[in-house]
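The chain contents come next:
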Amino acid sequence: MPWHISTVVCHNRLIVQLNKLKLVNYRNYENFEGNFDHLKTIIIGQNAQGKTNILEAINILATAQSDRAEKDSDLVLWNKEHALIFAMIQTKDSELEIALQINPSGRRKLKINDVTKKAPQADLLGNFFSVMFSCDDLYLIKGSPSNRRNWLDSVIFQLDSKYHRTMQSYQKSVTQKNALLKSTRETGLSKKSLKEQIEVWNDQIINSGSEIISTRLNFIEEIKPIAKEFQDNISRYTEELDLIYKCTISACNDKEALQFLFKQSLEKSFEEELSRGQSVIGPHRDDLTFLINGKEAKSFASQGQQRSIVLAVKLAELKVIEKRKDEIPVLLLDDVFAELDESRQDFLLHNLPENIQTFLTTTHISNIQKEFLKGAQILEIKNGKVTEMAKCV
Amino acid sequence: MSFPKPLLKLIEEFQKFPSVGPKSAQRMAFHVLNRDLLHVEELSKAILNAKIQIKRCLICQNLSADGSCEICSNTSRNTGTICVVSEPKDLMAIERTNAFRGTYHVLGGLISPLDGIGPENLSITELLKRVSKNNISEIILALDTSVEGEATTLYLHRILSPVCKKITRLGFGLPAGSELEYADELTLIRALETRSEVG
Ligand SMILES: Nc1ncnc2c1ncn2[C@@H]1O[C@H](COP(=O)(O)OP(=O)(O)OP(=O)(O)O)[C@@H](O)[C@H]1O
Ligand SMILES: [Mg+2]
Ligand SMILES: [Zn+2]
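On a predicted model such as this, the values are computed, not experimentally measured, just so you know. (Residues numbered from 1 in each chain as written. Chains lettered and ligands numbered in written order. Predicted model: local features only at pLDDT ≥ 70, side-chain atom pairs only at ≥ 80, totals over all residues. Heavy atoms only, no water.)

## Topic: the coordination of the zinc ion (ligand 3)
All names here are of chain B. Within the first shell, the zinc ion (ligand 3) binds the protein through Cys57 (SG), Cys60 (SG), Cys69 (SG) and Cys72 (SG), at distances of 2.3 to 2.4 Å. The site at the zinc ion (ligand 3) holds four donor atoms, and with the angles between them running 104 to 115 degrees, its shape is tetrahedral. Donor residues for the zinc ion (ligand 3) sit on one chain with the sequence pattern C-x2-C-x8-C-x2-C. One end of the pair, Cys57, is in the loop between strand E1 (55–56) and strand E2 (63–64); the other, Cys72, is in the loop between E2 and strand E3 (78–85), with 15 residues separating them in the sequence. Considered together, Cys57 and Cys72 belong to a single accessibility category, that of buried residues. (Donors = N, O, S within 2.8 Å, 3.2 Å for Na, K, Ca; no water. Tetrahedral: all angles 85-135°; square planar, octahedral: opposite > 155°, others 65-115°. Helix = DSSP H or I, 4+ residues; strand = E, 2+ residues; numbered from the N terminus. Buried < 20%, exposed > 50% of the residue type's maximum accessible area, 1.4 Å probe, protein only.)

Next comes the structure, spelled out in structure tokens:
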């Protein structure tokens with residue numbers, strides 16, 4: 001599987017995408033500054049010193065969200081007014097200076113090349129791309145449906161910024177409808193007028209919800225054959241991977257048919273929604289199933305097989321982003337070498353694009369293969385401070 | 001040491017204003033203390049008078065010092081067209097254009113169950129009465145494009161359809177004088193969907 005080389009070579013040195021990262025009052029960093037002019041950056045430190053925090057900040061620049069913080073206030077150094085992520089990014093056709101301010105209240109401010117953007121979330125997306133590997137990835141298989149939805153969404157956010165806006169209005173409509181369903185217990189609204197009011201939310205839920213479903217379906221169709229091929233190669237053709245979108249409505253790709261089915265299902269579940277006081281169907285309840293040789297991986301695959309699936313799916317994610325955006329995403333490897341056995345480590349390293357900018361965290365440099373260390377830059381981190389910077393040869 | 005009680009009370013009251021935090025409230029309170037008694041009396045009178053004298057127009061629910069507002073009592077306005085808006089400030093925005101000669105109806109908000117606002121909290125009954133009593137040829141729904149604005153538009157459309165033949169809504173377009181490349185995707189998509197023939 002050859003990758004084309006899209007990184008610019010200049011004076012024998014590769015120009016990296018993320019040149020500079022500054023963090024101010026972000027997590028346990030009062031003030032962090034990293035300048036990156038090597039393709040590989042290795043972040044070394046003991047547990048709980050702030051290694052993952054750096055990768056998380058980079059990932060936020062690409063996905064507009066953190067995969068582990070529940071709310072923005074978690075990202076701000078305790079007792080500080082706001083956090084700042086500042087980055088200089090070299091894309092294939094421009095230079096970007098991104099400044100993202102995160103407030104504990106959840107309000108964000110975004111400036112790109114000194115221009116204040118109106119939508120700090122949606123306008124951040126599409127400028128910079130990343131793929132994160134971490135030991136939490138196994139939750140993609142054995143975790144809850146929301147783990148899988150979050151993964152799906154974070155990848156599609158990067159690919160399609162309209163999807164983010166659609167998701168926002170979908171979630172707002174669902175929240176409003178839930179509030180209405182709950183309030184009827186107290187207000188004792190007649191069923192007729194309740195139905196009238198529910199319908200104005202349902203209409204919007206159907207509109208944005210169908211769009212979300214069909215965007216997810218298209219993405220899965222796109223990533224499936226690529227992930228399958230990786231899985232074939234890891235398993236030497238003994239494990240056939242399949243991905244199925246499990247839709248609470250009916251996974252169908254025709255817009256009008258989907259809207260019709262959505263409407264029908266909502267009508268059918270009206271009583272249930274009323275008694276439970278919340279919306280029970282729609283893309284916010286959908287799931288994704290991974291199958292190995294036709295059996296559900298969640299319940300049948302061994303730990304090792306599950307790791308292989310995650311590896312195949314993540315490598316496929318990288319490839320889909322590269323294909324669609326014509327830009328190699330930045331790779332974030334969070335302590336994964338401690339988790340993967342040697343053959344899977346080899347597989348990962350040998351299936352990466354040649355000039356991919358990589359950030360890797362580890363507690364011990366001995367966890368990392370010698371070959372990978374060549375030409376890497378090393379940052380040693382202790383308690384939110386850089387204690388040493390060095391270069392490997 | 002803390003501030004004397006009357007001052008604390010004043011700060012507390014200012015802080016209840018929209019988008020006024022503790023620091024601004026303090027600054028406002030000190031501003032009051034530093035002014036002449038005469039000015040302060042004028043201020044408190046203005047607050048009271050506004051509250052006592054400003055009422056809702058009996059016809060359109062716009063703000064008004066009399067029974068019916070300036071627009072409803074203007075005989076040159078076309079009473080057959082009603083433009084429905086959420087708040088008086090939206091009415092003012094349309095009025096500033098000088099491009100609309102009909103009348104208005106002010107809902108007093110948008111449907112938002114999260115904030116405890118249902119159709120019964122808006123002046124929809126008044127609107128229905130007005131439409132069934134008078135000969136209304138067109139109702140223009142001029143509400144926000146947020147999900148709450150959209151829900152209110154859909155709801156009103158449903159409720160008003162049986163009593164009025166022509167119900168319209170504002171068009172989706174590009175901001176005037178703007179460059180196409182800077183429009184966000186959603187605006188562009190909607191502008192495409194509602195494109196019209198040249199000329
Ligand atoms: N908002 C915050 N303010 C201050 N400190 C924070 C905040 N959020 C997290 N931390 C601190 O950051 C540290 C965790 O950082 P991080 O998760 O990056 O560690 P790590 O180096 O990746 O560790 P491990 O090797 O265990 O994965 C913890 O000490 C935690 O208390
Ligand atoms: Mg970590
Ligand atoms: Zn009036």
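## Notes on the interface of chain B and chain A
The interface is formed by 18 residues belonging to chain B together with 17 residues belonging to chain A. Among the residues of chain B in contact with chain A, Pro113(B), Val147(B) and Arg158(B) are the three that bury the most area, contributing 34% of the side total. Linking chain B with chain A are three salt bridges, by the criterion used here. Between Lys172(A) and Glu148(B) there is a salt bridge; the shortest N-O distance is 3.2 Å. Counting the contacts that link chain B with chain A gives seven residue pairs in polar contact (both at pLDDT 80 or more). For the side of chain B that touches chain A, the element with the most residues is helix H6 (residues 147–160) of chain B, which contributes eight residues. Classifying every residue of the side of chain B that touches chain A by side-chain character gives eleven nonpolar, one polar and six charged. (Contact = heavy atoms within 4.5 Å. Buried area = accessible area lost by both parts, 1.4 Å probe. Salt bridge = Lys/Arg side-chain N within 4 Å of Asp/Glu carboxyl O. Polar contact = N/O pair within 3.5 Å; in protein donor to acceptor, adjacent residues only side chain to side chain. Nonpolar A, V, L, I, M, F, W, Y, C, P; charged D, E, K, R; others polar.)

## Quick word on a nonpolar patch on the surface
Taken together, the side chains of Phe3(B), Leu8(B), Phe30(B) and Leu33(B) present a nonpolar region at the surface, about 320 Å² in accessible area. With a relative accessible area of 37%, Leu8(B) lands in the partly exposed category. (Patch = residues over 30% accessible without salt bridge, like charges linked within 9 Å, V, L, I, M, F, W, Y side chains within 5 Å. Areas by Shrake-Rupley, 256 points an atom, 1.4 Å probe, with all protein chains shown as cover.)

## Side note on the site of ligand 1
Residues and elements named next belong to chain A. In the region of ligand 1, 15 residues are neighbours, and Ala48, Lys51, Thr52, Asn53 and Val76 sit closest. Separating a nitrogen atom of ligand 1 from a backbone N or O atom of Arg27 is a distance of 3.2 Å. Summarising the interface, the protein chains cover 77% of the accessible area of ligand 1, which totals 650 Å² for the free molecule. Partitioned by chemical class, the residues of the shell around ligand 1 number four nonpolar, seven polar and four charged. (Near = heavy atom within 4 Å.)

## Overview of the domain arrangement of chain A
Residue and element names in this part refer to chain A. Along its sequence, chain A is organised into domain 1 (1–129 + 329–393) and domain 2 (141–321). Its C-alpha centre places domain 1 at a distance of 29 Å from the equivalent point of domain 2. Across the boundary between the two partners, domain 1 contributes 25 residues, which contact 21 residues of domain 2. Taking both sides of the interface into account, the surface hidden between domain 1 and domain 2 amounts to around 2100 Å²; carbon and sulfur atoms contribute 71%. On the surface where domain 1 and domain 2 come into contact, there are two salt bridges. The shortest N-O distance in the salt bridge between Arg307 and Glu339 comes to 3.1 Å. On the surface where domain 1 and domain 2 come into contact, there are four residue pairs in polar contact (both at pLDDT 80 or more). Where the side of domain 1 that touches domain 2 is concerned, the elements lending two or more residues are helix H1 (51–63) and helix H10 (342–350). Here the side of domain 1 that touches domain 2 gets three residues from one element, more than from any other, and that element is H10. For the side of domain 1 that touches domain 2, a count of residues per class yields 17 nonpolar, five polar and three charged. (Domains from an automatic or database assignment.)

## Some details on the confidence of the model for chain B
If pLDDT is low for a region, its predicted coordinates should not be looked at in detail. Looking at chain B, the pLDDT average stands at 93 and 100% of residues meet or exceed 70. With pTM at 0.87, the complex prediction returns an ipTM value of 0.79. (pLDDT = per-residue confidence, 0-100.)

## Structural notes on the nonpolar core
Counting 112 residues, the largest nonpolar core has Leu21(A), Ile85(A), Phe133(A), Phe219(A) and Phe290(A) as its most contacted members. No other element matches the twelve residues that helix H5 (residues 191–234) of chain A contributes to this core. Per-domain counts for this core show at least three residues from each of domain 1 (1–129 + 329–393) and domain 2 (141–321) of chain A. For Ile85(A), the contacting residues outside a window of four places in its chain are Leu21(A), Lys22(A), Leu23(A), Tyr26(A), Ala57(A), Ile60(A), Leu61(A), Ile98(A), Ala99(A), Leu100(A) and Ile102(A). Formed by 29 residues, the second largest nonpolar core is a distinct cluster that contains Leu194(A), Leu110(B), Leu143(B) and Cys164(B). (Core = buried A, V, L, I, M, F, W, Y, C linked by side-chain atoms within 4.5 Å.)

## Looking at the domain arrangement of chain B
For chain B, the assigned domains are domain 1 (5–53) and domain 2 (69–197). In this structure, domain 1 of chain B and domain 2 of chain B have C-alpha centres spaced 35 Å apart.

## Remarks on the packing of helix H3 (residues 145–159) of chain A against helix H4 (residues 161–187) of chain A
All names here are of chain A. As a packed pair, H3 and H4 sit with axes 5 Å apart at the nearest point and diverge in direction by 125 degrees. Here H3 lies oblique to H4, going by the angle between them. Contact residues: Asp153, Ile156, Phe157 and Leu159 in H3; Ser161, Tyr163, His164 and Met167 in H4. (Axes fitted to C-alpha atoms, helices over the stretch in contact; angles between N-to-C directions. Parallel < 35°, antiparallel > 145°, perpendicular 65-115°, else oblique.)

## Points about the packing of H3(A) against H5(A)
Residues and elements named next belong to chain A. The interhelical angle for the contact between H3 and H5, taken along N-to-C directions, is 90 degrees, at an axis separation of 11 Å. Relative to H5, the element H3 lies roughly perpendicular. Of the residues in H5, those touching H3 at Arg149, Trp151, Leu152, Asp153, Val155, Ile156 and Leu159 are Thr215, Arg216, Phe219, Ile220 and Ile223. Per-class residue counts for the contact of H3 with H5 are eight nonpolar, one polar and three charged.

## Notes on the sheet that holds strand E5 (residues 138–141) of chain B
Residues and elements named next belong to chain B. Read across the open sheet, the four strands follow the order E4-E3-E5-E6; overall the sheet is parallel. Looking along the sheet, the strands with just one partner apiece sit at the ends: strand E4 (102–106) and strand E6 (167–169). The sheet shows a mean angle of 30 degrees between the axes of neighbouring strands, taken without regard to direction. Across three bridges, E5 lies against E6 in parallel orientation. Within E6, the position partnered with Ile139 by the bridge is Ile167. Strands E3, E4 and E5 of the sheet are contacted by helix H5 (residues 124–133), whose axis makes an angle of about 150 degrees with E4. (Pairing = 2+ DSSP bridges.)

## Looking at the packing of aromatic side chains
Residue and element names in this part refer to chain A. Summed over all chains, the structure comprises nine aromatic pairs over all chains. Both rings, one in Tyr29 and one in Phe32, keep their centres 5.4 Å apart while their planes meet at 65 degrees; by these two values the pair is edge-to-face. Side by side, Tyr29 and Phe32 carry an identical accessibility label, which is buried. Positioned over the ring face of Tyr139 is Lys142, at 6.0 Å from the centre of the ring. (Phe/Tyr/Trp six-rings, centres within 6.5 Å; stacked < 30°, edge-to-face > 60°. Lys NZ or Arg CZ within 6 Å of the ring centre and 35° of its normal.)

## Quick word on the pairing of strand E10 (residues 130–134) of chain A
In summary, the side chains of a regular strand alternate between the two faces of the sheet. Residue and element names in this part refer to chain A. Counting buried positions along E10 yields five of five residues, so the element is predominantly enclosed. Going residue by residue along E10, you find Ser130, Met132 and Ser134 tucked away on one face and Val131 and Phe133 tucked away on the opposite face as well. Strand direction decides the pairing type here: E10 and strand E14 (residues 330–334), joined by five bridges, are parallel. Across the sheet, Phe133 pairs through a bridge with Leu333, a residue of E14.

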